[in-house]
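# Structure assessment
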Amino acid sequence: VRLAHREVRAQQQGTLHMMASTLTAVYFDDEEAVVCNLGDSRTFLVREGVVQRLTRDHTVLAEMEAAGLDTKTPFALRHRNSLTGAVGMEDSVEPECGRVSVRAGDLLLLCSDGLYEPVPPELMTELLAQGGSAQEMAERLVTRAYDRGGTDNITGIVLRLLPQE
């Protein structure tokens, strides 16, 4: 993450002077996954049909929610996607990372807000339960986000944990 941050910062010139990116990433270590994010891309764990969000957004809205402020105000609605952290955004970067135990049969969904905003967790569960390969599941989620009016960058990656041999 820090290397990506330095590279983005080095390219911030001319029309790209405000360039930045959100990020969510997973590193597997035996029966655990280290999940990191910066910005409003998210990682979800899907286990036995239950979707659990593993990351916290770095947005004005998330900061307001954490502080117990009213998130229905015009200010909150206008700034709901305003980032408070992203790769390339500040002089230095500190991604938020945590560990989660994983097991065979789990699915991890890494996605942008363009996917999770039009496709809420209940619909994610329904679409993932239709099965298929991880790629087919990801394509199904992305297609549904477009079908539901998504216009933002719609990115989704599904990782299926298989039994160790």
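As a reminder, the structure under discussion sits directly above these lines.
Presented here is an overview of the structure given in this document.

Calculation rules
Residues numbered from 1 in each chain as written. Predicted model: local features only at pLDDT ≥ 70, side-chain atom pairs only at ≥ 80, totals over all residues. Heavy atoms only, no water. Disulfide = S-S within 2.5 Å. Helix = DSSP H or I, 4+ residues; strand = E, 2+ residues; numbered from the N terminus. Salt bridge = Lys/Arg side-chain N within 4 Å of Asp/Glu carboxyl O. Buried < 20%, exposed > 50% of the residue type's maximum accessible area, 1.4 Å probe, protein only. Lys, Arg positive; Asp, Glu negative; His and termini not counted. Contact = heavy atoms within 4.5 Å. Pairing = 2+ DSSP bridges. Axes fitted to C-alpha atoms, helices over the stretch in contact; angles between N-to-C directions.

Counted according to the given criterion, the structure contains one disulfide. There is a disulfide in this structure between Cys36 and Cys97, and the S-S distance comes to 2.0 Å. Disulfide Cys36-Cys97: torsion about the S-S bond near 110°, hence right-handed. One end of the pair, Cys36, is in strand β2 (residues 32-38); the other, Cys97, is in strand β5 (residues 96-101), with 61 residues separating them in the sequence.

Next up on the list: the pattern of salt bridges. Scanning all chains against the criterion turns up 11 salt bridges. Glu96 is the salt-bridge partner of Arg56, the closest N and O atoms lying 2.9 Å from each other. Residue Arg56 is found in the loop between β4 (50-53) and α2 (60-66), and its partner Glu96 is found in strand β5; the two are separated by 40 residues along the sequence. Exposure remark for Arg56: the relative accessible area of 33% places this residue in the partly exposed category. One connected set of salt bridges, linked through shared partners, spans Asp29, Glu32 and Arg99.

On to the side chain of Asp113. For Asp113, the location among the structural elements is in helix α4 (residues 113-116). Although Asp113 lies buried, it forms no salt bridge, and the closest oppositely charged side chain, Arg80, sits 6.5 Å away as judged by the N-O distance. Excluding its chain neighbours within four sequence positions, the residues that come into contact with Asp113 are Asp40, Asn81, Pro118 and Asp152.

Another aspect to go through is the sheet that holds β5. Pairing is antiparallel across the open sheet formed by three strands, whose spatial order is β1-β2-β5. Taken across any chain shown, the strands that pair with only one partner, and hence form the sheet edges, are β1 (23-29) and β5. Mean inter-strand twist for the sheet, computed between neighbouring axes without regard to direction, equals 20°. Taken together, the seven bridges between β1 and β2 define a ladder with antiparallel strand orientation. Note on β2: the bridge partner recorded for Phe28 is Ala33.

With respect to the element layout, Phe28 can be found in strand β1. Of the residues examined, Phe28 reaches a relative accessible area of 35% and is grouped as partly exposed. Residues Phe28 and Ser101, spaced 73 residues apart in sequence, show a C-alpha to C-alpha distance of 9.7 Å. With residues near it in sequence (within four places) discarded, Phe28 still touches Ala33, Val102, Leu108, Leu159 and Leu161.

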